[in-house]
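The lines below spell out each chain.
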Amino acid sequence: MMARSEGTLRAYARKIAREARVASGKIACLASKLKDAVLCEAAGRMRRERASLVRENARDLAFARESHLPAHLMDRLVLNEGRIRAMAESIEAVAALRDPVGRVLGEWTRPNGLRISKVTVPLGVILIIYEARPNVTQECAALCLKSGNSVILRGGKEAFHSNRAIAGIFRGALASKRLDPAAVTMVGNTDRRVVNELLKLSEDIHLVIPRGGESLIRKVAAKSRIPVIKHYRGNCHVYVDKSADLKQALNIAYNAKCQRPGVCNAMETLLVHRAVAPRFLPRLQAKLTEARCEIRGCKETRNILPRAKKATEKDWYAEYLDLILAVRVVRGVEEAIRHIETYGSHHTDAIVTGDKKAAEEFVRRVDSSSVMVNTTTRFSDGFQYGFGAEIGISTDKIHARGPMGLEGLTSYKYVVKGNGQLRT
């Protein structure tokens, strides 16, 4: 029985991957106006069908509550009128962006008369594996269609009904323009073994992007035969320098931690220069206490804030995704950088300073995909960077890094034009 079940899952995975591959060849050749028309149709359908989306989401929320889903995942799961409106606007923002396909990145003529150009092309079929975040369905479908790619979406079982409804909107928009709906495919089987089968299909799937917790991303990276874009942890830091405007630093630190603590670009560790710690930390503690945020501090932090809990070595590595903040007092920018090098995840790190040289040193030496100066880590986001939406965040250095928008979903090919030249 088990073997037959695995065989059925394998056949299902191959079927949807092959259908997505066939669709990708058609989507890759679409004119910009037709791709944009599909996206605008999807945005309109999302607005018209918002009541249905809320009903489907309610089914997922009920299941999530029964399953005791953590608070930060419950927050990500919720669809309401405001979030649905934002999703529709995000689709339209993607439609308004410049088409990334067919751009000439460079062209030149060789001494023998050959004319060579480097032209952007879609990647093909993108597999997205994610958890309880229905907005990811919308973001990834929109970005993949705009960049001429097919997408296979495998969301968590907690958001199954919401994801299926959103994917259905895009499939309906494709069908309305007489295009292949398989360009947006939602995996309809919640058995985790389907993912294992999909990760083997390197002939039909060209890139895998896991979006979720560290354990999910590591499992996907370990099992995949397909290239994987990944970031393991979002252990983001804010360093408050001795020359910082402390009012500004207070607002930045509070926003980075508390505006939405359950996301990967929220601050998890605060580093504070010893010279300003006695003035800054009590003010910060007062604001964090109002937000019910727990502080775990080093010895020097706890000398200033006796109510803070003791931070352990494990806390410096932690991605809490919760109202918990690790705090360390440091002697300066050098020690702050060393701490980030030791414990950071190369996601997003920030400095708050009035010293131009300190800022330049921090930017030059902190090896993260986004480095912020006098602003919050929460801006590390594709929509905030002007990408319309993001397909994910990469802490790798090859192909794409940081928030990935349309350009991250393209590769390039060389087009060589001659007039009968032969190589001798």
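Note that the coordinates shown come from a computational prediction; the quantities given were computed from them, not determined experimentally.

**With respect to the overall build of the chain**
- Along its length, the chain carries 15 helices and 16 strands.
- Since a compact globule built from 424 residues should have a radius of gyration of about 22 Å, the 24 Å found for the chain is in line with a globular shape.
- Taking the principal axes of its C-alpha atoms as reference, the chain extends roughly 75 × 65 × 45 Å.
- In the chain, 73% of the contacts between residues at least 6 apart in sequence involve partners at least 24 apart.
- Distance from the positive charge centre (71 side chains) to the negative charge centre (45 side chains) of the chain: 3 Å.

**Focus: the sheet that holds strand β2 (residues 115–122)**
- Spatially, three strands are ordered β1-β2-β16 in an open sheet, and the strand pairing comes out antiparallel. Here the strands that pair on one side only, and so sit at the sheet edges, are β1 (104–109) and β16 (410–417). Between one strand axis and the next, the sheet turns through 20° on average, direction left out of account.
- Relative to β16, β2 runs antiparallel, the two sharing eight bridges. Residue pairing for β16: Lys118 is matched across the bridge by Tyr414.

**Thoughts on the packing of helix α14 (residues 333–343) against helix α15 (residues 356–365)**
- At a closest axis distance of 11 Å, the pairing of α14 and α15 adopts a crossing angle of 20°. Relative to α15, α14 is oriented roughly parallel. You can see that α14 and α15 cross each other, and the crossing is right-handed. From α14, Val333, Glu334, Ile337, Ile340 and Glu341 reach across to α15, where they touch Ala358, Glu361, Phe362 and Arg365.
- In terms of residue class, the contact of α14 with α15 is built from five nonpolar, no polar and four charged.

**Thoughts on the pattern of salt bridges**
- According to the stated counting rule, one finds 33 salt bridges in the structure shown.
- With its nearest N and O atoms 2.7 Å apart, the salt bridge here joins Asp36 to Lys146. Taken together, the residues Asp36 in helix α2 (residues 32–48) and Lys146 in helix α6 (residues 134–146) connect sequence positions 110 residues apart.
- Here Lys200 and Glu197 are joined by a salt bridge, their closest N and O atoms 3.5 Å apart.
- Classification of Lys200 as partly exposed rests on a relative accessible area of 35%.
- Looking at Glu197, the relative accessible area reads 11%, which means it is buried.
- Through salt bridges with shared partners, a single network forms among Glu334, Arg338, Glu361, Arg364 and Arg365.

**A short note on the nonpolar core**
- The biggest cluster of nonpolar side chains holds 48 residues, and the ones touching the most others in it are Met46, Ile128, Leu145, Phe170, Val184, Ile209 and Ile391.
- Among the elements that line this core, the one with the most residues is α6, at seven residues.
- With 38 residues, the next largest nonpolar core counts Ala244, Ala253, Ala291 and Tyr320 among its residues.

**Some words on a nonpolar patch on the surface**
- Among the surface-exposed residues, Leu105, Trp108, Tyr412, Tyr414 and Val416 lie close enough to one another that they form a single nonpolar patch of about 520 Å² accessible area.
- Locating Tyr414 in the fold gives a position in strand β16.
- Assessed through its relative accessible area of 47%, Tyr414 is described here as partly exposed.

**Overview of the packing of aromatic side chains**
- Enumeration according to the criterion identifies three aromatic pairs in this entry.
- Ring geometry for Tyr385 and Phe387: centres 5.9 Å apart, planes at 90°, overall edge-to-face.
- Tyr385 sits in the partly exposed class, given a relative accessible area of 33%.
- The partly exposed category is assigned to Phe387, whose relative accessible area is 28%.
- Each ring, one from Tyr412 and one from Tyr414, has its centre 5.8 Å from the other, and the planes form 80°; the classification is edge-to-face.
- When its relative accessible area of 41% is taken as the criterion, Tyr412 is described as partly exposed.
- Here Lys118 stacks its cationic end above the ring of Tyr412, 4.2 Å away from the centre of that ring.
- Taking NZ or CZ as reference, Lys287 lies 4.4 Å from the ring centre of Tyr254, over its face.

**Thoughts on the sheet that holds strand β9 (residues 294–297)**
- Sheet architecture is open: seven strands sit in the order β10-β9-β11-β8-β7-β12-β13, paired in parallel fashion. Whereas interior strands pair on both sides, the edge strands pair on one side only; in this sheet they are β10 (309–310) and β13 (370–373).
- Along the sheet, helix α10 (residues 246–258) contacts β7 (236–240), β8 (267–273), β11 (324–330) and β12 (348–352); its crossing angle with β8, the most-contacted strand, is approximately 160°.

**Considerations on the environment of Leu325**
- When you line up the elements, Leu325 lands in strand β11.
- Given a relative accessible area of 0%, Leu325 falls into the buried group.
- In the structure, Leu325 is positioned 30 residues away from Ile295 in sequence and 5.0 Å away in space, judged by C-alpha atoms.
- For Leu325, the contacting residues outside a window of four places in its chain are Lys257, Met267, Glu268, Thr269, Leu270, Leu284, Leu288, Cys293, Glu294, Ile295, Arg296 and Tyr320.

**What to know about empty space enclosed by the protein**
- Following the criterion strictly, the structure yields two cavities of 30 Å³ or more and no others.
- A volume near 50 Å³ is recorded for the largest cavity.
- Lining the largest cavity, in full, are Arg154, Gly155, Gly156, Phe160, Asn163, Met186, Val187, Asn189 and Thr190.
- Class assignment of the residues belonging to the lining of the largest cavity gives a composition of three nonpolar, five polar and one charged.
- One number sums up the size of the second largest cavity: a volume of about 30 Å³.
- Lining the second largest cavity are Ile27, Leu30, Lys35, Val38, Leu145 and Leu174.
- Taken together, the residues of the lining of the second largest cavity sort by class into five nonpolar, no polar and one charged.

Analysis parameters
- Residues numbered from 1 in each chain as written.
- Predicted model: local features only at pLDDT ≥ 70, side-chain atom pairs only at ≥ 80, totals over all residues.
- Heavy atoms only, no water.
- Helix = DSSP H or I, 4+ residues; strand = E, 2+ residues; numbered from the N terminus.
- Rg over C-alpha atoms; globule rule 2.2 N^0.38 Å.
- Contact = heavy atoms within 4.5 Å.
- Lys, Arg positive; Asp, Glu negative; His and termini not counted.
- Charge placed at Lys NZ, Arg CZ, Asp CG, Glu CD.
- Pairing = 2+ DSSP bridges.
- Axes fitted to C-alpha atoms, helices over the stretch in contact; angles between N-to-C directions.
- Parallel < 35°, antiparallel > 145°, perpendicular 65-115°, else oblique.
- Left-handed = near helix turned anticlockwise from the far one by under 90°.
- Nonpolar A, V, L, I, M, F, W, Y, C, P; charged D, E, K, R; others polar.
- Salt bridge = Lys/Arg side-chain N within 4 Å of Asp/Glu carboxyl O.
- Buried < 20%, exposed > 50% of the residue type's maximum accessible area, 1.4 Å probe, protein only.
- Core = buried A, V, L, I, M, F, W, Y, C linked by side-chain atoms within 4.5 Å.
- Patch = residues over 30% accessible without salt bridge, like charges linked within 9 Å, V, L, I, M, F, W, Y side chains within 5 Å.
- Areas by Shrake-Rupley, 256 points an atom, 1.4 Å probe, with all protein chains shown as cover.
- Phe/Tyr/Trp six-rings, centres within 6.5 Å; stacked < 30°, edge-to-face > 60°.
- Lys NZ or Arg CZ within 6 Å of the ring centre and 35° of its normal.
- 1 Å grid on protein atoms, 1.4 Å probe; cavity = no way out; pocket = protein on both sides within 12 Å on 5 of 7 lines; lining within 4 Å.
- Points joined across faces, edges and corners; volume = space filled by probe spheres on them.

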